[in-house]
Each structure stands twice: as C-alpha cells, then as structure tokens.
Amino acid sequence: MSAFATQEKVLLSILQKKLSPGLYEYAERELQSFYKKCYWEFDERAAHTDREGQPRLIRYDRFGEEVSEVWVNEGYKNTVRDTYNTGIVGYNHKAIPELEEKGNYLYSYAQGYILSQIEPGFYCPVTLTMAVAYLLDHFADEELKERFLPHVLSTGESELFEGATFLTERQGGSDVGANEVRAVEAGERYRLFGEKYFASNAGQAGVAAVLARLEGAPEGTSGLSLFIVPWKKEDGSLNGVRIRRLKDKLGVRAVPSGEVEFDGAEAYLVGNPDRGFYYMMEALNLSRICNSTASLGIMKRALKEGYEYASSRESFGKYLIDFPMVQETVVQLQARFEVQLSALFESIELFERVASGDVDISLDEIALNRLYIALIKARTAEEAIDFSHTAIELHGGNGYIEDFVTPRLLRDAQVLTVWEGTENILALEVMRLIKKFNVHQLFFDDLINRMTIGTDSHAAEQINEKIQSLKDMLVKLTSLSEDHQTYHARKIARRMADLLMVVHAYERAETEREKAIADIFRMSLWEKDELDEGILCVESFGLIMD
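- An unreviewed UniProt entry annotates the chain as Isovaleryl-CoA dehydrogenase of Jeotgalibacillus proteolyticus.
- As recorded by UniProt, the Sequence similarities (unreviewed entry) comment attached to the chain reads in full: "Belongs to the acyl-CoA dehydrogenase family."
- Taken directly from UniProt, the Cofactor (unreviewed entry) text for the chain runs: "FAD".

Right, here's the structure in full:
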C-alpha cells in the first residue's frame, strides 16, 4: 500500500462516498501523484522559502523606474506551476479533459488539504485565485468573463493570472464598512484611488477583486462596489498600483502580503454597484472553507510528525509511543483530526449545493451553510495551533529546532485564527444568523435528524443534556441586553461547534473503530478531566492507530 493510501484512508473513504465513480477514480489517482510531489518536492521548496527564500519587494528597476515587483524563488515558481496545472482552481469551473466533465469543490478542497500539509502559505494564493474565479463566474458580465476567466482558470494552456482579494484598509480592519478606497468613473471603466493595508499575493496576482466606494455612495458596507483590477496594463506596464512595503510576518512567509496603493488604477465594475459587499461575502464563505482546509492540513502534518517521532524515539528503555500518556495524546489527536476532517467535507457538500445556485436551495440551507462554515472555521483554526503545539511537545527539545518542520507548522497555524475572520467576528456572525434566520432552531432540528445512536446510551443522554443547556442559555439571553448577547456570543458558538462535531462523530461511526473514535472525541471535549478507569485511549490504541 502506498504512503498516500496508508496516510489518507479517512480522506479516501470520504471522497469515495461523495464523488461519482468516474471522478473518484480520477481523483484517487491524481491525489496520489500530487501527494508524492508535495512530500518529495514541495516540502523542500517550502522549507527553503520559509528560511532563506522569502518573497522580496523590488521597488525600482535598474533605470530607477518604479516597478513594484515581488521576487520569489525558483522553487516557489515551480510549486505555483505544478499546483495550478492540477486544476485545483480551474476544474471547479471547467471540464477535466480526461473525463469531459467538470470537477467540483470536494476534489479541489482535497487537493488543498494535501497541499496545506506541506505549504499552507502557498494555499493562500490558491484560495485567493479560487475566490476571484468564483466572483467572476457568478457575478461578472460575459465580457469580463471572456477577458479574465481563461487566465484565472488556466491549467497550463494559457498565461496564468493568480488572484487576490483586497479588502483590509488601515482604518477599518474587520470593519469593512469603514473602507475609503474611491472609485471614479472614467468612461466605460473606473479608476481607483487609495490604499489597501493587508493585501496578500501582492505582486504575484495578475488580477485582484477590490472593494471600493463610488462617488456619492452611502457610508458603510451598502456603499461598497466590487471591481476587478488587473495588475498590469495590456502593454505590460503597471496599472496605477504601487507596493509600499511587504509585511514581515510571523509565518506563512511564502505568500507576499503588502501595503498596496492605487493611483488611478483602471478597474472594471462587477455586477450591481450596490451589491459589492454581498458579492465579496459570498466569496468569503469559500475562503473560510479554504482556511479550515489549511487548518486540517496542518493538523494532519502535526499528527503525522508527532506520531512518527514518538514511534522511533527511545527514552527510559522504551519507545515514547509505548507510554500510556503518549498513547492517549496521539489517539485523541487522531480522533479529533478524523471527526473534524469528516465534518469539514460534510459542510463542503452543503456549500457546493448552495454555491451551485440551484433554485431548489432553501433559505434554511443557506443559513445552515453560513453557520457551519463559521463554526468549523473557528474551531479548526484553534485546533491547528493546538496540534502544532502538541507535536512540538512530543518531539521535546527537537520540536523547537528549525531543522524540524514543527516550528513552521506552529507559525503558519497562528494566522489561520485571524484570516477570514477572528473567532470574535465569527461568533458575531453566529448571533446575526440566530437573530435573522432563527438558525439555532434549524441547528437543533438538524442535530436531532442526524442523531444515530440509541437514546438510552450515555452518549445520547450527554448530547441531549448539552442541547437542552444551550437552549436554556439562548432563551435566557433573549431577555438580556445587546451587550449581554455579544458578551456571550463566543460561548454560544463554541457550544454549537462542540455539539455539531460530537453528533457528526456518531453519525459517521459505522465500524467498531469509528465508534471508538466518536467516544474518545466526545470524552476529550466533555470528560477530559474525569477519571477514565477504562483508559479507553490506551485500550483502543491498536485499533485506532493500526
């Protein structure tokens, strides 16, 4: 059995259930090839980029002309080419030649999960390109699609335009409604003026999706319009853009993030000028799933490194993995990883249905889609940090040394709690969904429909107790002030995430091993400080880690 088939049994099991037979056969073969390339080629490039080959800003050419170019090393360029040519972006929107049918997001996110085990920093530009492709395909007119989509979707047959989404401004941050970048009408096009303060993939993107405010537009998010901005003009010169500097980041150093100034940049309006913020928020759902995908990739790599090190390191006359506490640690990591990977792909299937624009999609499904994306993004981002920390601890002193991958995993994981919305922002999103769509009622109904364990079991009793406790809290909050509600928003979101994950853990449990995984996952959340007389993790070690 190949390393890919051994390491990715859970992923393959998920995909086999959710993909058509033809697409699954193709995906299994291509993912195995991509996995091998990631671990045998991309991994070395990623280490070099992180340590010695970080992107560098070249402000001026040898003649003193401003070029605002970003230098990246040759290995990184090869990773860019090799990854996009797999169709990680393109086949979400166009046919796979071999199959003569379009791929889907389930397959794309599987690729992103494998890539993120090696280079989550580069998965950011891929995410941004996916978002630009989504915005063009769903909301742009035919002229804009014809001009830009073939390049954004390129799998090697045309020049690639990587994407970028520029939202953040110095004065706003998460408060996008405070954005000030201006759009001035200039014939059939527009010109942009102002600054974006945290612009990732700057200098590498061929085209950016940018929120800007038309003259006379109202304040707040309702006054923002969406524009497509090419980085260069057709003659190859800069399109009124300037990179002031690149950010010196803690991690994900592969992606150049900078401060970008627009000085009359030519821009193309996308769709209705009053719907720009809405369009971008639709793409944000996609990006949040990418964020969760990157988190799961880091979790898997941290688990893999920690387990392999503990299995080969001798201490006190035994291998580390033979000690009960180490077995508990590894088994709990495995359980948490499996349940959350499965829950993520369950949510991707719902996202795919909603994103398809199918007329049969209900408002309830749209609301649940937004809820589950927010809950899973917040949870997996925190988990990526905890997994990385635990992998370092399993390595001991070696885990803190940059010769090992573990320090980079921790540094790269940290940004995932910030990108695409912090936990606070996501908790506020949950409260908005509760108030606007009564999503909590939809959530409870969905949990009950998905409950597959007997009502007389301890697990079912515990789940029902947690559901009732959350219901009581929500009822109590409705009678309290807005400050009380926002103060408790994070607690509400965390409890919902716990319930979603535990119910899904049992929903997917078809084998003895998966039932043990569900029990261990539930206990790790709700009984972690209790006396486990059966030492379940140790007793299940062989079954789970085989």
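**Observations concerning the environment of R288**
Item 1. Relative to the elements of secondary structure, R288 occurs in helix 8 (residues 276-312).
Item 2. Along the chain, R288 and P97 lie 191 residues apart, while their C-alpha atoms are 29 Å from each other.

**Describing the packing of aromatic side chains**
Item 1. Scanning the entire structure with this criterion turns up 19 aromatic pairs.
Item 2. Ring centres of Y26 and Y107 lie 6.0 Å apart, and the angle between their planes is 75°; this geometry places the pair in the edge-to-face category. One end of the pair, Y26, is in helix 3 (residues 21-51); the other, Y107, is in helix 5 (residues 105-118), and 81 residues separate them in sequence.
Item 3. Look at Y107 and you get buried, because its relative accessible area is 2%.
Item 4. Where F34 meets F42, the ring centres are 5.9 Å apart and the plane angle is 80°; that geometry is what we call edge-to-face. F42 carries the same exposure label as F34, and that label is buried.

**Structural notes on the domain arrangement of the chain**
Item 1. Examined at the domain level, the chain breaks down into domain 1 (3-153), domain 2 (163-272) and domain 3 (278-545).
Item 2. The gap between the C-alpha centroids of domain 1 and domain 2 is 23 Å.
Item 3. At the junction of the two partners, domain 1 supplies 31 residues and domain 2 supplies 32 residues.
Item 4. Carbon and sulfur atoms make up 67% of the surface buried where domain 1 meets domain 2, a total of about 2500 Å² over both sides.
Item 5. Summed over the three residues of domain 1 that lose the most area to domain 2, namely V70, L128 and R147, the buried surface amounts to 20% of that side.
Item 6. Between R147 and E234 there is a salt bridge, and its shortest N-O distance comes to 3.4 Å.

**Here's the deal with the nonpolar core**
Item 1. Counting residues in each nonpolar core, the largest one holds 187 residues, and the members touching the most others are Y109, F262, F345, L371 and F443.
Item 2. Sorting elements by how many residues they give to this core places helix 9 (residues 324-355) first, with 16 residues.
Item 3. With sequence-adjacent residues up to four places away left out, F262 is seen in contact with F166, V181, L192, F193, G194, K196, V210, V229, G240 and V241.

**Regarding the side chain of N285**
Item 1. Relative to the assigned elements, N285 resides in helix 8.
Item 2. Here N285 is in contact with F351, N369, R370 and I373, once residues within four sequence places are set aside.

**Overview of the packing of helix 2 (residues 9-18) against helix 3**
Item 1. Between helix 2 and helix 3, whose axes approach to 9 Å, the crossing angle comes to 155°. Comparing their axes, helix 3 and helix 2 come out roughly antiparallel. When the axes of helix 2 and helix 3 are compared, the crossing they make is right-handed. Listed contacts from helix 3 to L12, L15 and Q16 of helix 2 are Y24, E28 and L31.
Item 2. Residue composition of the contact of helix 2 with helix 3, by class: four nonpolar, one polar and one charged.

**Let's talk about helix 3**
Item 1. Between its first and last C-alpha, helix 3 extends 42 Å over 31 residues, near the 45 Å set by a 1.5 Å rise per residue.
Item 2. A maximum bend of about 45° is found in helix 3 at F42.

**Considering the UniProt feature "domain: Adaptive response protein AidB N-terminal" (unreviewed entry) in the chain**
Item 1. Under the feature "domain: Adaptive response protein AidB N-terminal" (unreviewed entry), the UniProt entry names residues 45-155.
Item 2. Taken end to end, residues 45-155 has its terminal C-alpha atoms 21 Å apart, with 57% of it in helix and 14% in strand.

**Points about unusual backbone geometry**
Negative phi values dominate among residues other than glycine, just as trans dominates among peptide bonds.
Item 1. If you check the backbone angles, N201 has positive phi at about 70° while not being a glycine.
Item 2. Mapped onto the secondary structure, N201 falls in the loop between strand 7 (189-200) and strand 8 (205-214).
Item 3. Here N201 falls in the buried class, since its relative accessible area comes to 0%.
Item 4. With phi around 60°, E420 is a residue other than glycine that occupies positive phi space.
Item 5. Topologically, E420 is positioned in the loop between helix 11 (406-414) and helix 12 (423-437).
Item 6. For E420, a relative accessible area of 23% gives the class partly exposed.

Conventions and cut-offs
- Residues numbered from 1 in each chain as written.
- Predicted model: local features only at pLDDT ≥ 70, side-chain atom pairs only at ≥ 80, totals over all residues.
- Heavy atoms only, no water.
- UniProt positions renumbered as here; feature names shortened; annotations may be inferred.
- Helix = DSSP H or I, 4+ residues; strand = E, 2+ residues; numbered from the N terminus.
- Phe/Tyr/Trp six-rings, centres within 6.5 Å; stacked < 30°, edge-to-face > 60°.
- Buried < 20%, exposed > 50% of the residue type's maximum accessible area, 1.4 Å probe, protein only.
- Domains from an automatic or database assignment.
- Contact = heavy atoms within 4.5 Å.
- Buried area = accessible area lost by both parts, 1.4 Å probe.
- Salt bridge = Lys/Arg side-chain N within 4 Å of Asp/Glu carboxyl O.
- Core = buried A, V, L, I, M, F, W, Y, C linked by side-chain atoms within 4.5 Å.
- Axes fitted to C-alpha atoms, helices over the stretch in contact; angles between N-to-C directions.
- Parallel < 35°, antiparallel > 145°, perpendicular 65-115°, else oblique.
- Left-handed = near helix turned anticlockwise from the far one by under 90°.
- Nonpolar A, V, L, I, M, F, W, Y, C, P; charged D, E, K, R; others polar.
- Expected span 1.5 Å × (residues − 1).
- Bend = angle between axes of the 7 residues up to and from the residue.

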